[in-house]
Amino acid sequence: MLIQKPADIRPSEITSKENYLNRRDFIRAGSIAGASVLAGPALGAIVPDQQRARLADVARSEFSTIEAPNDYEDVTTYNNFYEFGTGKDDPHQNAQDFDPRPWSITVAGHAEKTGTFHFEDFIRLFDLEERIYRMRCVEAWSMVIPWVGISLADVVKHYQPTSKARYVAFETLHDPVRMPGQRRRVLDWPYREGLTIAEAMNPLPILAVGVYGETMPNQNGAPIRLVVPWKYGFKGIKSIVRINFVEKQPQTSWNMAAAREYGFYANVNPEVDHPRWSQARERRIGAGLFAARQPTLMFNGYGEQVAHLYSGLDLRKNY
Ligand code: MTE
């Protein structure tokens, strides 16, 4: 078990943990009051057009960190989601009218099972879990976020990729009417990301459908987004509509935009600096303006679970 030294525990963390526990009680109470909406942890129980339904009583995964989560406000008001603007506050401001339902997800490429599925049908086959993960943005800030989601490995196994499938590619919705940031060519839309099959089969990545026990807020990538905790946050593609099993390494948005700065792997690595800044330390959001930056950990502290995926790979070249 990780035991924090008292000096490592900041007052803001203690407060946010209390808030978190209160919120969980609130969510439980809400779930009793709204029992018709919820029937256990299956998301199929969520009324489709209900925004912010509660995902109460979801089991906490053993992969969760015991670090105190950031406040709900931090998690939902300090975001990167260029489809709704490039400022940190833009997604929270501009995504409120986005309606993520109905939503469908297409699974395509080299797999035994493919097709287009309603979001609820896609999700209900898998167990929901709470996973409290550190998130390290490539911009050198970090948070701890209590996600609710399904294991990506379970999803991959279900669709049975063939031996030709070496990568999984993901795409965000491309709809400039509903996502006003796409009217400007700040990126080559749609936003794209990818993982190797081995990475996708690791037990850590999830497709998250909620945060803090509630369905995913729009600004965090409603209704479903990827979370890969040992990689920089930009790998966590939001509002996914397409999952494609492919043979060749897929193009990824930030690599297409600036290949010298953002690689395909994007593993958190304090020893490989971004060309314009150091990656050795990070600013924990919510820690206060004057808090010291904390050291960034190799693979964001998840090396025990994932370092073996990269044995023999030069992580300086394959950044
Ligand atoms: N997904 C899409 N579609 N568009 C984006 O702009 N930004 C990425 C990632 N996923 C982004 C995206 C970046 S840079 C980060 S750090 C995380 O989302 C931020 O997730 P959060 O806002 O939920 O903290």
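Residues numbered from 1 in each chain as written. Predicted model: local features only at pLDDT ≥ 70, side-chain atom pairs only at ≥ 80, totals over all residues. Heavy atoms only, no water.

Chemist: Pulling in residues and values, what's your account of the overall build of the chain?
Modeler: Within the chain one finds eight helices and 12 strands. Within the span of the chain, comprising 319 residues, buried residues form 53% of the whole. Sequence separation of at least 24 residues holds for 72% of the intrachain contacts in the chain that already meet a minimum separation of 6. Summed over its atoms, the accessible surface of the chain is roughly 14600 Å², and 52% of this surface lies on carbon and sulfur atoms. (Helix = DSSP H or I, 4+ residues; strand = E, 2+ residues; numbered from the N terminus. Buried < 20%, exposed > 50% of the residue type's maximum accessible area, 1.4 Å probe, protein only. Contact = heavy atoms within 4.5 Å. Areas by Shrake-Rupley, 256 points an atom, 1.4 Å probe, with all protein chains shown as cover.)

Chemist: Residues and numbers for the site of the ligand, please.
Modeler: Lining the immediate environment of the ligand, one finds 16 residues, of which Asn79, Tyr82, Glu83, Gly236 and Lys238 sit closest. One of the side-chain N or O atoms of asparagine 220 is found 3.0 Å from an oxygen atom in the ligand. Contact between the ligand and lysine 238: an oxygen atom at 2.7 Å from a side-chain N or O atom of the residue. For the ligand, whose free accessible area comes to 530 Å², the fraction covered by protein is 98%. Class assignment of the residues belonging to the shell around the ligand gives a composition of seven nonpolar, six polar and three charged. (Near = heavy atom within 4 Å. Polar contact = N/O pair within 3.5 Å; in protein donor to acceptor, adjacent residues only side chain to side chain. Nonpolar A, V, L, I, M, F, W, Y, C, P; charged D, E, K, R; others polar.)

Chemist: Can you explain the environment of threonine 65? Please cite residues and give values.
Modeler: One can find threonine 65 in the loop between helix 1 (11–33) and helix 2 (72–77). Separated by 80 residues in the primary sequence, threonine 65 and isoleucine 145 place their C-alpha atoms 9.6 Å from one another. A polar contact of 3.0 Å, which involves the side chain of threonine 65, links it to the backbone nitrogen of glutamate 67.

Chemist: Quick one: what's the story with empty space enclosed by the protein, residue by residue and with numbers?
Modeler: Taken as a whole and assessed by the stated rule, the structure comprises three cavities of 30 Å³ or more. Here the second largest cavity is characterised by a volume of approximately 60 Å³. In terms of lining, the second largest cavity is formed by Met135, Arg225, Leu226, Val227, Val228, Pro229, Lys231, Tyr232, Gly233, Lys235 and Gly236. For the lining of the second largest cavity, the residue count by class is six nonpolar, two polar and three charged. (1 Å grid on protein atoms, 1.4 Å probe; cavity = no way out; pocket = protein on both sides within 12 Å on 5 of 7 lines; lining within 4 Å. Points joined across faces, edges and corners; volume = space filled by probe spheres on them.)

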